[in-house]
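# Architecture and fold: a report
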Amino acid sequence: MDVPYTLNAYTRVLKLASTPDWEEFSRISLIAAAGILLIGVIGFLIFLVMSVLPGA
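For the structure given in this document, a descriptive report is provided here. In this text, all values refer to a predicted model and were calculated from it rather than measured experimentally. (Residues numbered from 1 in each chain as written. Predicted model: local features only at pLDDT ≥ 70, side-chain atom pairs only at ≥ 80, totals over all residues. Heavy atoms only, no water.)

## Here we look at the overall build of the protein
Scanning the protein for helices and strands turns up two helices and zero strands. Every one of the 56 residues in the protein was classed for burial, and the buried ones make up 4%. (Helix = DSSP H or I, 4+ residues; strand = E, 2+ residues; numbered from the N terminus. Buried < 20%, exposed > 50% of the residue type's maximum accessible area, 1.4 Å probe, protein only.)

## Some details on the pattern of salt bridges
What the rule picks out here adds up to one salt bridge. E23 serves as the salt-bridge partner of R27, at 3.1 Å between the closest nitrogen and oxygen. Pair noted here: R27 and E23 are both in helix α2 (residues 22-52), with a separation of four residues, about one helical turn. Given the relative accessible area of 49%, E23 is considered partly exposed. (Salt bridge = Lys/Arg side-chain N within 4 Å of Asp/Glu carboxyl O.)

## Structural notes on a nonpolar patch on the surface
Among the surface-exposed residues, L37, V41, F44, L45, F47 and L48 lie close enough to one another that they form a single nonpolar patch of about 600 Å² accessible area. For V41, the position within the fold is in helix α2. Given the relative accessible area of 41%, V41 is considered partly exposed. (Patch = residues over 30% accessible without salt bridge, like charges linked within 9 Å, V, L, I, M, F, W, Y side chains within 5 Å. Areas by Shrake-Rupley, 256 points an atom, 1.4 Å probe, with all protein chains shown as cover.)

The quantities given are spatial measurements derived from coordinates; they are silent on function.
Here's what the structure looks like:
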């Protein structure tokens, strides 16, 4: 493993990275929240199905 090469690659990536503006940040936050909500709803539906089926 070539350590100086790896450090140069990391440095280059950090130089290319930029802080998102408010519009980009809010859009990413909304998409992440929608994904978390969707996974929660799917989990809740699975819970409901699993609690109803054993009683049938």
